[in-house]
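Close look at the chain arrangement
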Amino acid sequence: IPVVRDGVFLGVAGGDVEMAALEPRLLDVLLDSPVAAAVLTAERRVVAATHPDWVVGSRLAEGGELPATTPVPHGAGWQVLTLPQDS
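These numbers come from a predicted model, not from an experiment.

A grouping of Val3, Val8 and Leu10 is seen on the molecular surface, where their side chains present a nonpolar patch of about 250 Å² in accessible area. Inspection of the secondary structure puts leucine 10 in strand 2 (residues 8–12). On the basis of relative accessible area, leucine 10 is assigned to the exposed category, the value being 56%.

Below, the discussion takes up the confidence of the model for the protein chain. When the pLDDT values of the protein chain are averaged, the result is 87; 94% of them are 70 or greater. For the protein chain, per-element mean pLDDT is lowest for strand 5 (residues 70–71), which scores 88, and highest for strand 2, which scores 95.

What counts and what doesn't
Residues numbered from 1 in each chain as written. Predicted model: local features only at pLDDT ≥ 70, side-chain atom pairs only at ≥ 80, totals over all residues. Heavy atoms only, no water. Patch = residues over 30% accessible without salt bridge, like charges linked within 9 Å, V, L, I, M, F, W, Y side chains within 5 Å. Areas by Shrake-Rupley, 256 points an atom, 1.4 Å probe, with all protein chains shown as cover. Salt bridge = Lys/Arg side-chain N within 4 Å of Asp/Glu carboxyl O. Helix = DSSP H or I, 4+ residues; strand = E, 2+ residues; numbered from the N terminus. Buried < 20%, exposed > 50% of the residue type's maximum accessible area, 1.4 Å probe, protein only. pLDDT = per-residue confidence, 0-100.

Quick look at the structure:
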């Protein structure tokens, strides 16, 4: 993630996270949702999901039958996808 202070680019910050450790934590949050939900990377790869058609690691195409996503604040392009209640 770019680090900027007072409009001046200072550098880049990053970190490594094992997906095996991250996925269960995200699922704990997603399972509280009353609708099917998924967390996607900026490239629309599934990080965690509660819908059986959304396989971790797979890439979801933009548009089509899927609803719009909601950006994750400060999430480096990550998004949350939810299905409407009747889907």
